[in-house]
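Single-letter residue listing:
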Amino acid sequence: MPAPVRICLSLSLLGLACGLSPAPVTAQQTTPGPGVVDAALLLRQLDGVKRVLLIGAHPDDEDTALLAALARGMGARAAYLSLTRGEGGQNLIGPELGEGLGIVRSGELLAARRVDGAEQFFTRAYDFGYSKTADETFGHWPRDSVLGDVVWAIRIFRPQVLVTVFSGTPNDGHGQHQVAGLLAREAFEAAGDPARFPEHFRLGAEPWTPLKLYRRTWRDPEASTLAVETGRFDPLLGRSYHQIAMRSRSQHRSQDFGTMELGGPRVTLLQLLESRVAEPEGSLFAGIDTTLAGLVAGLPGSAPGEAENRLAAYRDGLTAARRSLAALEPSAAAPPLVRALEALRETRTWAAEGTAAGLNEALDSRISLIQEAILATASVSVIAEAEDDIVVPEQGFPVRVKLWNGGSYEVESSNPRVVAPPGWVVAEDASAAQGPASRFYPRTLAEARRRGAGSSDSGAGGRSEAKSSEEPASDGAVVPPGDMRGWGYQVGVPGGLEAPQPYYMKEARADDLYLWPEERELRGRAFDPPLLSARVELRLEVTDSPPVHLAVSRPIRFRGVDKAVGEFWRPVLALPAVSVSIDPRAIVWPLSAEAARPVQVTVRGETPEGFSGTLRLHVPDGWEVTPGERSVDLEGPGSVHSYPFEIRPVGSLETGDAETSGRLTAVVQAADGRVFEEEVILIDYPHIEPVPYLRAAETSIRAVDVRVDGTRRVGYLAGSGDQGEDAIRQLGLQVEAIGPDDLEAGMLESFDVIVLGVRAYEVRPDLAAANATLLDWVRCGGVLIVQYNKYELPNGDFAPYPLQMARPHGRVTDEASEVVLLDPGSPVFTYPNRIGSEDFEGWVQERGIYFLSEWDERYSPLLAVADADEEPQRGSLVVARAGEGLWVYTGLSLFRQLPAGVPGAYRLFANLLSLRPEDWSR
């Protein structure tokens, strides 16, 4: 048995005696826990300096197997830089598009990184949608701005090796892929040039010159010069890196990327594009000095020799720790790790600021890691819990910090400190520490999600340190092995909180570029850091050695239990006391409509004591609303009520009349004069952390010259989050949702028209099973409108006659491209609305996706549309007679146009809903 080690734990503010700053807590990395596996993974990271930055364009472009092999297997710091957050894509799991989808996919990237062990960065580029050329992409993204962001990521991460996923040529397909490849090459040259982007230096960055540039050769493996083994089995993890990567890949749920975790040989193939080292190629780091000793050469005077001696002692400590780390007795590795930490800190005293590029950062990060490794080997846990996950201004809530001594050494303890944003108040509260678990964990996971304000449509700058007392000295209490102790606090939230927007959304975008704040710690990160954390200082006493101080930080999170799921953790979020939302989000008002229409305003409160106020709906000139106001009474946190209003035009409407189009806004005023006029949207899915953001409580209203056959009975079979059902109601038609139990012949007979939502064949297995019944309904005289589906449609033979989609699928990305009506006399274009070229003006993001490429002669193509310099595509809208009915397929992006209130899209959609088989035959 090793000699006894006494651990004196002082939970206090991180003001390290050695003058070091701890690594910041970010949402993108999981805090290591006690035990041998986490300790062994940390030991892999402690020897040497290896950093690799992978560069791509979108969430899902990354090579997760390479990242897992680097981070989990080699102990390297690996990171993925995604130019965008994926805002321009589609969403399999919910209704979010645009900025809301960007939040979802940013969260999925963080979830993926928690699995594969890498870090995550972004640029300011907004994903405006699919593009076909680099030139088109640079028309949206100022080249120098995005290049500067890539250079910024290189300068703050300091990778020796860059890996670009893309080549920067048309072979990459997507224009944004091409741009990612081009900028990776340019940044390889620019990052080390002090004349490029000097504004970075004002924020503390320094020039950094990567030594190698590789390209991922998944499309042309014959060009490879290096194979990185990713299928190797790791006995520590019990899996291969490829298997870990597939679990990481499966976090991209909004992109239907779930995949099997298969074992077996795997490699990532790379091509060396540029190298600043002379050694022949043999491995990713061949020719690169990855030792800590290599970084001390630039120190002045005798410092290099002294530092090298200290680093030798550090390596000896690591070697001894590896040899003594045993699965059933990890604590034997603690003493040599303590010796290694002391040697590392002594090395740090020789590293004057600015004398050796990257040395200070490398030493600081390893000091943080080795402290975590000591905690892991000693089996000591620090847990920080809040009693609420959603707090509001002027609310107080309990927090508890607990120390669990699960190891074999005694722990001496004192009060911790809590770090909170400026203006927050922290006070000791012993009752919170000793409260029963039933009081402390009252909420189920479903309740926690319900309390997230708003629907799933969808600041921690200048932080202060709050403490339990001025100088929290040790209280002399000893926590013996196997025991636990807790400290309780009351945390008070100040009034006038900053809006809970992600940092990159606090200001409106400059076209397709987000605006970043001045804080260096935020730029390029996924989201803001946690609101609250417990700062912990530990003192270790080893025989014949002075006390050794350790310092760690733990985010304070809500801890709950759901009896159907088990324990769950959620971040603490500070939200406005009241959220206000309007349904629908956009109103298209046919000129002929005169009857009043319902508008529903939902008010949600988060104040523990409840809320009372007055709700008013403000309408533009030319409209009236009834009633004028409603009283609001909410009972407690999470309480939500909906209030109905009716609106109608005053007098007759004229299309495009500025007096009859505008925005409706909802305002709630409290008795004390506080005003709430924003919707708090909490994007919350089981696989990602919840993230809130705000948008105005308003809805657009537009008078449109659109008519529809009001006799049509419409059924809607929802797909993956489109809003077609609401658009049908906007046209004045009644629509009924079709569920799994409704797909029977007798149930379908009540409908004249059935509309399938986007990707319905992918997400509705009941539809695939009942497709024959649905086609029989068509043959008996029904009209089926199939919105865009992916390859499931042709592969499943779900259409009445053969058809095909090319790979890659046909699409037109220019939303202003010319659209040609192939048969202007078709009822699709003549009844009840006359469709012309003007109806394709004002479209957003794109014309359409997943166009058909081939079809049976019984289909009639109705539109021809093309991007610049391309042949017209005719598969965006086709109609076929099937028996007595009609089968319609459209790849037009109605799922984007209808929520945006595009008049022409509504007019075309109204004609499709009004289509009758007998009119088509004529």
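Keep in mind the model is a prediction, meaning the values are calculated, not measured. (Residues numbered from 1 in each chain as written. Predicted model: local features only at pLDDT ≥ 70, side-chain atom pairs only at ≥ 80, totals over all residues. Heavy atoms only, no water.)

Colleague: Residues and numbers for the sheet that holds strand β11 (residues 380-386), please.
Modeller: A sheet is described by the order of its strands in space; here 6 strands give the open sequence β16-β19-β13-β11-β22-β23, paired in mixed fashion. Sheet topology places β16 (425-428) and β23 (566-571) at the edges, where each strand pairs with a single neighbour. Sheet twist, expressed as the average angle between the axes of neighbouring strands with direction ignored, equals 35°. (Pairing = 2+ DSSP bridges. Helix = DSSP H or I, 4+ residues; strand = E, 2+ residues; numbered from the N terminus. Axes fitted to C-alpha atoms, helices over the stretch in contact; angles between N-to-C directions.)

Colleague: Pulling in residues and values, what's your account of the packing of helix α10 (residues 334-350) against helix α11 (residues 359-378)?
Modeller: Between α10 and α11, the shortest axis-to-axis distance is 10 Å and the interhelical angle comes to 160°. Regarding the angle of α10 to α11, the classification is roughly antiparallel. Considering only the axes of α10 and α11, their crossing is left-handed. The residues of α11 that touch α10, namely those facing A334, L337, V338, A340, L341, L344, R345, T347 and R348, are N360, L363, D364, R366, I367, I370, Q371, A373, I374 and T377. Its residues assigned to classes, the contact of α10 with α11 shows 11 nonpolar, 4 polar and 4 charged. (Parallel < 35°, antiparallel > 145°, perpendicular 65-115°, else oblique. Left-handed = near helix turned anticlockwise from the far one by under 90°. Contact = heavy atoms within 4.5 Å. Nonpolar A, V, L, I, M, F, W, Y, C, P; charged D, E, K, R; others polar.)

Colleague: Describe the nonpolar core, listing the residues and the values that go with them.
Modeller: Within the largest apolar cluster, 79 residues are counted, with the highest numbers of intra-cluster contacts made by L53 and L284. Top contributing element to this core by residue count: helix α5 (residues 143-157), with 9 residues. Residue contacts for L284: discarding those within four places in its chain leaves V52, L70, V161, K212, Y214, L226 and L270. The next biggest cluster of nonpolar side chains, apart from the first, holds 65 residues, and it includes A39, A373, V411 and W487. (Core = buried A, V, L, I, M, F, W, Y, C linked by side-chain atoms within 4.5 Å. Buried < 20%, exposed > 50% of the residue type's maximum accessible area, 1.4 Å probe, protein only.)

Colleague: Which residues make up the pairing of strand β13 (residues 396-405), and what are the values?
Modeller: For β13, a buried count of 8 out of 10 residues is recorded, marking the element as mostly surrounded by other parts of the structure. Of the strand pairs in this sheet, β11 and β13 are connected by 7 bridges, and their pairing is antiparallel. Counted as the bridge partner of A386 is V399 from β13.

Colleague: Any chance you could break down the confidence of the model for the chain for me, citing the residues and the numbers?
Modeller: In the predicted model, the chain carries a mean pLDDT of 88, and the fraction of residues at 70 or more is 89%. Of the regions scoring below 50 in pLDDT, residues 1-29 engages in 89 contacts with residues more than four places distant in sequence or in other chains. Ignoring residues within four places in sequence, the model shows residues 453-474, a span with pLDDT below 50, making 84 contacts including any to other chains. (pLDDT = per-residue confidence, 0-100.)

Colleague: Tell me what's going on with the pattern of salt bridges, and back it up with residues and numbers.
Modeller: Per the counting criterion, the structure on display carries 53 salt bridges. Linking D364 and R348 is a salt bridge whose minimum nitrogen-to-oxygen distance equals 2.7 Å. With D364 in helix α11 and R348 in helix α10, this residue pair connects regions lying 16 residues apart in the sequence. Notably, a salt bridge pairs R764 with D766, separated by 2.8 Å at the nearest N-O pair. On the accessibility criterion, R764 (13% relative accessible area) is buried. Salt bridges sharing common partners tie together E385, R400, K402, R559 and E567. (Salt bridge = Lys/Arg side-chain N within 4 Å of Asp/Glu carboxyl O.)

Colleague: Explain the packing of aromatic side chains to me, and be specific about the residues and the numbers.
Modeller: Describing an aromatic ring pair means giving the distance of the ring centres and the angle of the ring planes. In the structure shown here, the tally under the stated rule is 16 aromatic pairs. Residues Y126 and Y514 carry aromatic rings whose centres are separated by 5.9 Å and whose planes lie at 80° to one another, so their mutual orientation is edge-to-face. Both residues of the pair, Y126 and Y514, count as buried. Considering the side-chain rings of F611 and F676, the 5.8 Å spacing of their centres and the 85° angle between planes classify their relative orientation as edge-to-face. Of this pair, F611 sits in strand β28 (residues 611-618) while F676 sits in strand β33 (residues 675-676), and the two are 65 residues apart along the sequence. Comparing F611 with F676 shows no difference in burial state: the two are buried. Aromatic rings pair up to connect Y126, Y503, Y504 and Y514 into one cluster. Its guanidinium or amino end placed over the ring of F122, R85 lies 4.1 Å from that ring's centre, counting from NZ or CZ. (Phe/Tyr/Trp six-rings, centres within 6.5 Å; stacked < 30°, edge-to-face > 60°. Lys NZ or Arg CZ within 6 Å of the ring centre and 35° of its normal.)

Colleague: Describe the side chain of N911, naming the residues involved and giving the relevant values.
Modeller: In this fold, N911 is placed in helix α23 (residues 903-914). Classification of N911 as buried rests on a relative accessible area of 0%. With near-sequence residues (within four places) excluded, N911 lies in contact with P827, V828, F829, T830, Y831, P832, N833 and I835.

Colleague: How would you summarise helix α2 (residues 64-73) if you had to cite specific residues and measurements?
Modeller: Among the 10 residues of α2, 9 are classified as buried, and the element is accordingly described as predominantly covered. All of the buried residues in α2 are T64, A65, L66, L67, A68, A69, L70, A71 and G73. Between a side-chain oxygen at the N-terminus of α2 and the backbone nitrogen of A65 the separation is 3.2 Å; the capping residue is D63. Directly after α2, the chain includes G75, whose backbone phi takes a positive value near 70°. (Polar contact = N/O pair within 3.5 Å; in protein donor to acceptor, adjacent residues only side chain to side chain.)

Colleague: Requested: an account of α5, with residues and values cited.
Modeller: Compared with the 21 Å implied by 1.5 Å per residue over 15 residues, the 21 Å span of α5 between its first and last C-alpha is a close match. Within α5, 12 of the 15 residues are buried, which leaves the element mostly enclosed by the surrounding structure. Following α5 by one or two positions, R158 has its phi on the positive side, about 60°. (Expected span 1.5 Å × (residues − 1).)

Colleague: Mind laying out the sheet that holds strand β10 (residues 267-275), listing which residues take part and the relevant values?
Modeller: Spatial strand order, β4-β3-β2-β5-β6-β10-β7: 7 strands in an open sheet with mixed pairing. Strands with a single pairing partner mark the edges of an open sheet, and in this sheet they are β4 (119-122) and β7 (226-229). Adjacent strand axes in the sheet meet at a mean angle of 30° when their direction is disregarded. In this structure, strand β5 (residues 161-164) lies alongside strand β6 (residues 212-216), joined through 4 bridges in parallel fashion. What sits directly across from V163, in β6, is Y214. Here α5 sits on the sheet and contacts β2 (51-56), β3 (77-82), β4 and β5; the angle it forms with β2, its principal contact strand, is near 165°.

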